[in-house]
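Close look at the chain arrangement
Each chain is listed here by its residues.
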Amino acid sequence: MEESSRIADQRLRADARRNLDRILVAARAVFAEHGIDAPMATVARRAGVGVATLYRRFPTRDALVRAAFAQQMETCVRALTEALADPDPWRGFQRLFETICELQRQEQGFPAAFVAAFPDSTAEHTQARERAERDLMTLVRRAQAAGALRADFHPSDLAVAVLSHCGLVTALPHDAAASRRLVAFLLQSFRAEAAHGALPPPSALSLRGFPIAADGSRRQRPARG
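What to know about the pattern of salt bridges
- Applying the stated criterion to the full structure yields 7 salt bridges.
- The residue Arg-150 makes a salt bridge to Asp-152 at a minimum N-O spacing of 2.6 Å.
- With relative accessibility at 8%, the residue Arg-150 sits in the buried group.
- Given a relative accessible area of 33%, Asp-152 falls into the partly exposed group.
- Across the pair Glu-193 and Arg-191 runs a salt bridge whose closest N-O atoms are separated by 3.8 Å.
- Residue Glu-193 is classed as exposed on the basis of its relative accessible area, which comes to 52%.
- Residue class for Arg-191 comes out partly exposed when judged on its relative accessible area of 24%.
- Linked by salt bridges that have partners in common, Asp-86, Arg-91 and Arg-95 make up one network.

With respect to the nonpolar core
- Of all hydrophobic cores here, the largest spans 25 residues; its most connected members are Ile-23, Phe-31, Val-43, Leu-54, Phe-58 and Leu-64.
- Of all hydrophobic cores here, the second largest spans 24 residues; its members include Leu-80, Ile-100, Ala-161 and Val-162.

Some details on the packing of helix H6 (residues 89-106) against helix H10 (residues 176-190)
- Across the interface, H6 lies against H10 with an axial gap of 11 Å and an inter-helix angle of 150°. Between H6 and H10, the angle is such that the two are roughly antiparallel. For H6 against H10, the interelement crossing comes out right-handed. Of the residues in H10, those in contact with Trp-90, Phe-93, Gln-94, Phe-97, Glu-98, Cys-101 and Arg-105 of H6 are Ala-176, Ser-179, Val-183, Leu-186, Leu-187 and Phe-190.
- Tallied by class, residues from the contact of H6 with H10 come to 9 nonpolar, 2 polar and 2 charged.

What about the packing of helix H9 (residues 155-171) against H10?
- Orientation of H9 relative to H10, taken along the N-to-C sense of each, is 165°, at an axis distance of 10 Å. When the interaxial angle is binned, H9 and H10 end up roughly antiparallel. Relative to H10, the crossing made by H9 is right-handed. In this structure, H9 uses Asp-157, Ala-161, Ser-164, His-165, Leu-168 and Val-169 to contact H10, whose residues at the interface are Ala-178, Ser-179, Leu-182, Val-183, Leu-186 and Phe-190.
- Among the residues making up the contact of H9 with H10, the classes are represented as 8 nonpolar, 3 polar and 1 charged.

What about the packing of aromatic side chains?
- This model, assessed by the stated rule, comprises 6 aromatic pairs.
- Between Phe-93 and Phe-190 the ring centres are 6.0 Å apart and the planes differ by 80°, which places this aromatic pair in the edge-to-face class. With a gap of 97 residues between them, Phe-93 in helix H6 and Phe-190 in helix H10 connect regions that are remote in the sequence. Side by side, Phe-93 and Phe-190 carry an identical accessibility label, which is buried.
- Between the aromatic rings of Phe-153 and Phe-190, the centroid separation amounts to 5.0 Å while the plane-to-plane angle is 80°, which identifies the pairing as edge-to-face. With Phe-153 in the loop between helix H8 (123-145) and H9 and Phe-190 in helix H10, the pair connects residues that are 37 residues apart, well separated along the chain.

Some remarks on the confidence of the model for the chain
- Taken as a whole, the chain shows an average pLDDT of 81; of its residues, 79% reach a score of 70 or greater.
- Across the chain, element-level confidence peaks in H10 with a mean pLDDT of 96 and bottoms out in helix H7 (residues 110-116) with 62.
- Residue range residues 209-225 is modelled with pLDDT below 50. Its contacts to residues more than four positions away, or to other chains, number 38 contacts.

A few points about the environment of Arg-142
- Relative to the elements of secondary structure, Arg-142 occurs in helix H8.
- According to the relative accessible area criterion, Arg-142 is partly exposed, its value standing at 41%.
- Sequence spacing of Arg-142 and Asp-88 is 54 residues, and the spatial spacing of their C-alpha atoms is 9.0 Å.
- If we skip the residues at most four places from it in the chain, Arg-142 touches Leu-84 and Pro-89.
- Side-chain polar atoms of Arg-142 contact the backbone oxygen of Leu-84, separated by 2.8 Å.

Conventions adopted
- Residues numbered from 1 in each chain as written.
- Predicted model: local features only at pLDDT ≥ 70, side-chain atom pairs only at ≥ 80, totals over all residues.
- Heavy atoms only, no water.
- Salt bridge = Lys/Arg side-chain N within 4 Å of Asp/Glu carboxyl O.
- Buried < 20%, exposed > 50% of the residue type's maximum accessible area, 1.4 Å probe, protein only.
- Core = buried A, V, L, I, M, F, W, Y, C linked by side-chain atoms within 4.5 Å.
- Axes fitted to C-alpha atoms, helices over the stretch in contact; angles between N-to-C directions.
- Helix = DSSP H or I, 4+ residues; strand = E, 2+ residues; numbered from the N terminus.
- Parallel < 35°, antiparallel > 145°, perpendicular 65-115°, else oblique.
- Left-handed = near helix turned anticlockwise from the far one by under 90°.
- Contact = heavy atoms within 4.5 Å.
- Nonpolar A, V, L, I, M, F, W, Y, C, P; charged D, E, K, R; others polar.
- Phe/Tyr/Trp six-rings, centres within 6.5 Å; stacked < 30°, edge-to-face > 60°.
- pLDDT = per-residue confidence, 0-100.
- Polar contact = N/O pair within 3.5 Å; in protein donor to acceptor, adjacent residues only side chain to side chain.

See the structure below:
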């Protein structure tokens, strides 16, 4: 009797795990196609589960977005940590930028998720974002001090570059060559030896507030529930 109960519990856990995996895969697909404001019912339908099952797992849209892109966020955090640890600050900066752009190319819903659901939703996320911004500034200053990154580089330039790449992968989602070439162009423009003459003033953009949706458009998000 105990053995039968144990086997039944294992099957239930396995079924729950499969449901969770289907939900997260479906969420990433739906967010990429329709933006992170897509109805939760659309995600449930794509995953083949009931809406009630989805809400039991994820009572809010933000909770679903964070879970769907948790692995990508961990990759970003790890990339920044590794960039800071690299004794060559330019190489660290370059790999960080390439990693972010590759995530954009692989998961088109990720850029909007990164800026809309992760920042400031809890005190923990606020602290994590502020720490990431400080670490990024440290990396930029190190690369500039090493004479590799142009002295007039501003943090908003990274936001503009990432936003530009987002537009490319939205327009050409299957053109990996175009993505790599744009990334290479942008990185070369960041090099100190590429600085010839003064640049216009920097943008007011920051990693805290990219004005983008998953489809690359500029819009305000409605209240989430």
